[in-house]
Amino acid sequence: MHPFPAVDPIPLPAPIWLLKLLHIVTLALHFVAVEMLLGGLLLAVLLSLFRGSPASMVAARALARRLTIVMTFVINLAVPPLLFSQVLYGRALYTSSVLIGLYWISIIGLLTLTYWLLYRFTARLEAGKSAWWVGLSAWVLAGCIARLLSTTMTLMLRPEVWRQMYSASAAGAYLPTGDPTLTPRWLLMMTGGIFIGGLWLVYLAGRSTFTVDEKLFLAALGGKVAAVFGLAYLAAGLWAASVQPEIVKTGLRADALYKFAGFAGYLWLALVGVAVLVGLAAGFGKLTANWFSWVGVLLAVLIEITLVVYRDGVRDLTLLSKGYNVWDRAVETNWWVVGLFLVLFVVGLGVVGWLVSVVVRSKKVMEGAA
Ligand code: HEM
């Protein structure tokens with residue numbers, strides 16, 4: 001019997017390529033924010049725990065102050081890809097999230113608690129109190145949220161286990177077992193976080209709100225972290241790719257449509273390699289030039305885009321091998337609505353750009369003095 005629920009008879013309101021494009025762009029931005037949160041938080045915790053020098057406390061506070069803002073981006077940039085993936089993959093995604101329903105719904109509570117702990121962490125650091133254990137608790141919870149999201153996103157690709165899971169518990173109380181792709185995929189996001197956290201410190205090293213000594217500290221530490229965890233990120237990526245089913249690997253090499261996703265995978269490898277070199281240059285050459293700090297930002301965004309394109313190919317090819325063709329949907333495009341959406345999307349980006357420009361032009365306070 002076909003494992004997927006019946007397709008919704010209502011046609012899609014926009015072309016599939018457009019929905020996929022918007023999904024990839026918004027998910028890549030969600031991933032950048034998620035990685036900044038996971039990595040920046042752990043680095044801030046370790047810096048505040050080991051208090052090696054005055055500069056390390058300045059760096060911990062600088063990260064912590066920004067983390068509550070990063071969290072707003074994690075959440076707001078999560079909603080669009082959630083909506084697009086529900087439209088495109090709803091029959092698989094709804095099934096997997098219902099099957100682990102208890103855990104899935106718990107994400108709301110975990111997220112609220114993480115957010116509150118983040119505020120406590122920042123407030124305690126600003127007040128000069130011991131804060132590492134508060135930050136560490138927030139990081140562990142964020143890691144659990146990441147694990148649950150990886151669980152749902154991989155379970156949606158395994159219709160063969162759904163029936164047996166539902167028979168075992170209709171209450172959504174069991175987590176799936178036996179998927180070789182789950183742990184490497186989760187570790188990919190966790191190691192990627194520390195790698196991007198390193199690049200974030202390299203970016204901060206180029207900001208004028210730090211003293212020369214603080215800048216040198218940020219570049220040296222961030223560069224080395226980015227270099228070491230860039231290699232760990234590469235290893236996790238290669239592991240996650242190697243455990244994909246043979247049919248998916250072949251599709252990424254040979255399928256006319258998905259060769260592009262396979263190419264994005266190679267591009268990802270190359271970009272992470274370049275970022276490791278940038279990390280080494282920053283770490284040992286202590287480079288703090290403004291332009292150089294932006295190189296890390298550009299690399300981080302490109303790396304997440306290529307990762308999401310590759311991941312999208314893996315998902316489509318896996319689902320295709322099990323009878324779910326994402327392109328096989330009735331489409332009745334309502335160009336007025338699509339046009340209005342795109343206009344509002346561009347206006348929204350413009351407003352965000354203006355907000356960023358206001359922040360950039362605002363009066364600067366030295367981070368160590370604040
Ligand atoms: C601390 C907060 C969060 C963390 C650490 C986090 C982490 C992650 C991770 C690790 C993945 C990749 C899973 C994988 O493919 O292996 C992911 C994907 C995703 N996250 Fe988040 N996330 C967070 C918050 C949220 C929230 C609040 C939402 C929903 C509003 C959300 C929606 C999504 C969606 C929809 C995807 C996958 C989309 C797709 O594959 O189409 N995330 N997130």
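Residues numbered from 1 in each chain as written. Predicted model: local features only at pLDDT ≥ 70, side-chain atom pairs only at ≥ 80, totals over all residues. Heavy atoms only, no water.

Concerning the overall build of the protein chain
Phase 1 of the analysis: In terms of regular secondary structure, the protein chain is built from 12 helices and 0 strands.
Phase 2 of the analysis: Counting helices and strands in the order they occur from the N terminus, the protein chain gives α-α-α-α-α-α-α-α-α-α-α-α.
Phase 3 of the analysis: The globule rule puts the C-alpha radius of gyration for 370 residues at 21 Å, and the 22 Å found for the protein chain is close to it.
Phase 4 of the analysis: For the protein chain, the C-alpha atoms occupy an extent of roughly 65 × 45 × 35 Å along the three principal directions.
Phase 5 of the analysis: Considering the protein chain as a whole, with its 370 residues, one finds that 49% of them fall into the buried category.
Phase 6 of the analysis: When the 27 positive and 15 negative side-chain charges of the protein chain are each reduced to one mean point, those points stand 9 Å apart. (Helix = DSSP H or I, 4+ residues; strand = E, 2+ residues; numbered from the N terminus. Rg over C-alpha atoms; globule rule 2.2 N^0.38 Å. Buried < 20%, exposed > 50% of the residue type's maximum accessible area, 1.4 Å probe, protein only. Lys, Arg positive; Asp, Glu negative; His and termini not counted. Charge placed at Lys NZ, Arg CZ, Asp CG, Glu CD.)

A look at the site of the ligand
Phase 1 of the analysis: What surrounds the ligand is a group of 21 residues, the closest being H23, H30, S150, R311 and R315.
Phase 2 of the analysis: R185 is positioned with one of its side-chain polar atoms (N or O) 2.9 Å from an oxygen atom of the ligand.
Phase 3 of the analysis: One of the side-chain N or O atoms of R315 is found 2.9 Å from an oxygen atom in the ligand.
Phase 4 of the analysis: For the shell around the ligand, the secondary-structure elements that each account for two or more residues are α1 (16-50), α3 (79-99), α5 (132-155), α7 (182-205) and α11 (290-321).
Phase 5 of the analysis: Residue classes in the shell around the ligand are distributed as 14 nonpolar, 4 polar and 3 charged. (Near = heavy atom within 4 Å. Polar contact = N/O pair within 3.5 Å; in protein donor to acceptor, adjacent residues only side chain to side chain. Nonpolar A, V, L, I, M, F, W, Y, C, P; charged D, E, K, R; others polar.)

Considering the packing of aromatic side chains
Phase 1 of the analysis: Using the criterion set out here, one finds 8 aromatic pairs in the structure.
Phase 2 of the analysis: Ring geometry for Y203 and W294: centres 5.1 Å apart, planes at 80°, overall edge-to-face. Note that Y203 is positioned in helix α7 and W294 in helix α11, a separation of 91 residues in sequence.
Phase 3 of the analysis: A cation sits over an aromatic face here: R147 above W186, 5.0 Å from the ring centre.
Phase 4 of the analysis: In this structure, R315 is placed above the aromatic ring of Y89, and the distance from its NZ or CZ to the ring centre is 4.3 Å. (Phe/Tyr/Trp six-rings, centres within 6.5 Å; stacked < 30°, edge-to-face > 60°. Lys NZ or Arg CZ within 6 Å of the ring centre and 35° of its normal.)

So, the coordination of the iron atom of the ligand
Phase 1 of the analysis: Its sole protein donor being H30 (NE2), the iron atom of the ligand sits 2.3 Å from that atom.
Phase 2 of the analysis: In this structure, H30 sits in helix α1. (Donors = N, O, S within 2.8 Å, 3.2 Å for Na, K, Ca; no water.)

Points about the packing of α7 against helix α8 (residues 212-242)
Phase 1 of the analysis: It is at 7 Å that the axes of α7 and α8 come closest, and there the two elements cross at 160°. Considered as vectors, α7 and α8 are oriented roughly antiparallel to each other. When you trace α7 past α8, the crossing you get is left-handed.
Phase 2 of the analysis: Classifying every residue of the contact of α7 with α8 gives 21 nonpolar, 8 polar and 2 charged. (Axes fitted to C-alpha atoms, helices over the stretch in contact; angles between N-to-C directions. Parallel < 35°, antiparallel > 145°, perpendicular 65-115°, else oblique. Left-handed = near helix turned anticlockwise from the far one by under 90°.)

Looking at unusual backbone geometry
Phase 1 of the analysis: One non-glycine residue, K286, lies in positive phi territory at about 45°.
Phase 2 of the analysis: Position of K286 among the secondary structure elements: in the loop between α10 (259-285) and α11.
Phase 3 of the analysis: For K286, a relative accessible area of 42% gives the class partly exposed.

Considerations on α7
Phase 1 of the analysis: A rise of 1.5 Å per residue sets the reference length of α7, with its 24 residues, at 34 Å; its end C-alpha atoms lie 35 Å apart and thus fit the reference within 8%.
Phase 2 of the analysis: In terms of residue burial, α7 counts as a mostly covered element, since 21 of its 24 residues are buried. (Expected span 1.5 Å × (residues − 1).)

Section: the side chain of E304
Phase 1 of the analysis: Position of E304 among the secondary structure elements: in helix α11.
Phase 2 of the analysis: Sequence-distant contacts of E304, that is, excluding residues within four places in its chain, are made with A28, F31, V32, E35, I196 and Y233. (Contact = heavy atoms within 4.5 Å.)

Some points on the side chain of R315
Phase 1 of the analysis: Along the polypeptide, R315 turns up in helix α11.
Phase 2 of the analysis: One buried charged residue, R315, remains without a salt bridge, the closest side chain of opposite sign being D312 at 4.3 Å.
Phase 3 of the analysis: R315 has contacts with H23, Y89, M153, M156 and L157, leaving out every residue within four places of it along the chain. (Salt bridge = Lys/Arg side-chain N within 4 Å of Asp/Glu carboxyl O.)

Here's the deal with the pattern of salt bridges
Phase 1 of the analysis: Counted by the stated rule, this structure contains 8 salt bridges.
Phase 2 of the analysis: Across the pair K249 and E246 runs a salt bridge whose closest N-O atoms are separated by 3.8 Å. Here K249 pairs with E246, and both are found in helix α9 (residues 246-254), just 3 residues apart, close to one helical turn.
Phase 3 of the analysis: What you see here is one network of salt bridges that share partners, running through R65, R66, E126 and E367.

Notes on the nonpolar core
Phase 1 of the analysis: Among the nonpolar cores identified, the biggest contains 106 residues, and F121, F195 and I303 are the most heavily contacted of them.
Phase 2 of the analysis: The element best represented in this core is α1, accounting for 18 residues. (Core = buried A, V, L, I, M, F, W, Y, C linked by side-chain atoms within 4.5 Å.)

Considerations on a nonpolar patch on the surface
Phase 1 of the analysis: On the surface, L46, L49, F50, W132, W133, L136 and V140 cluster together into a nonpolar patch covering about 640 Å² of accessible area.
Phase 2 of the analysis: Elements represented by at least two residues in the nonpolar patch include exactly α1 and α5.
Phase 3 of the analysis: The dominant element in the nonpolar patch, judged by the number of residues it contributes, is α5, at 4 residues.
Phase 4 of the analysis: Tracing the backbone through its elements, the reader meets V140 in helix α5. (Patch = residues over 30% accessible without salt bridge, like charges linked within 9 Å, V, L, I, M, F, W, Y side chains within 5 Å. Areas by Shrake-Rupley, 256 points an atom, 1.4 Å probe, with all protein chains shown as cover.)

What about the environment of F84?
Phase 1 of the analysis: Positionally, F84 belongs in helix α3.
Phase 2 of the analysis: Given a relative accessible area of 12%, F84 falls into the buried group.
Phase 3 of the analysis: Measuring from C-alpha to C-alpha, the distance between F84 and G198 comes to 31 Å, with 114 residues separating the pair along the chain.
Phase 4 of the analysis: In contact with F84, not counting residues within four places along its chain, are L19, L22, H23, T26 and F341.

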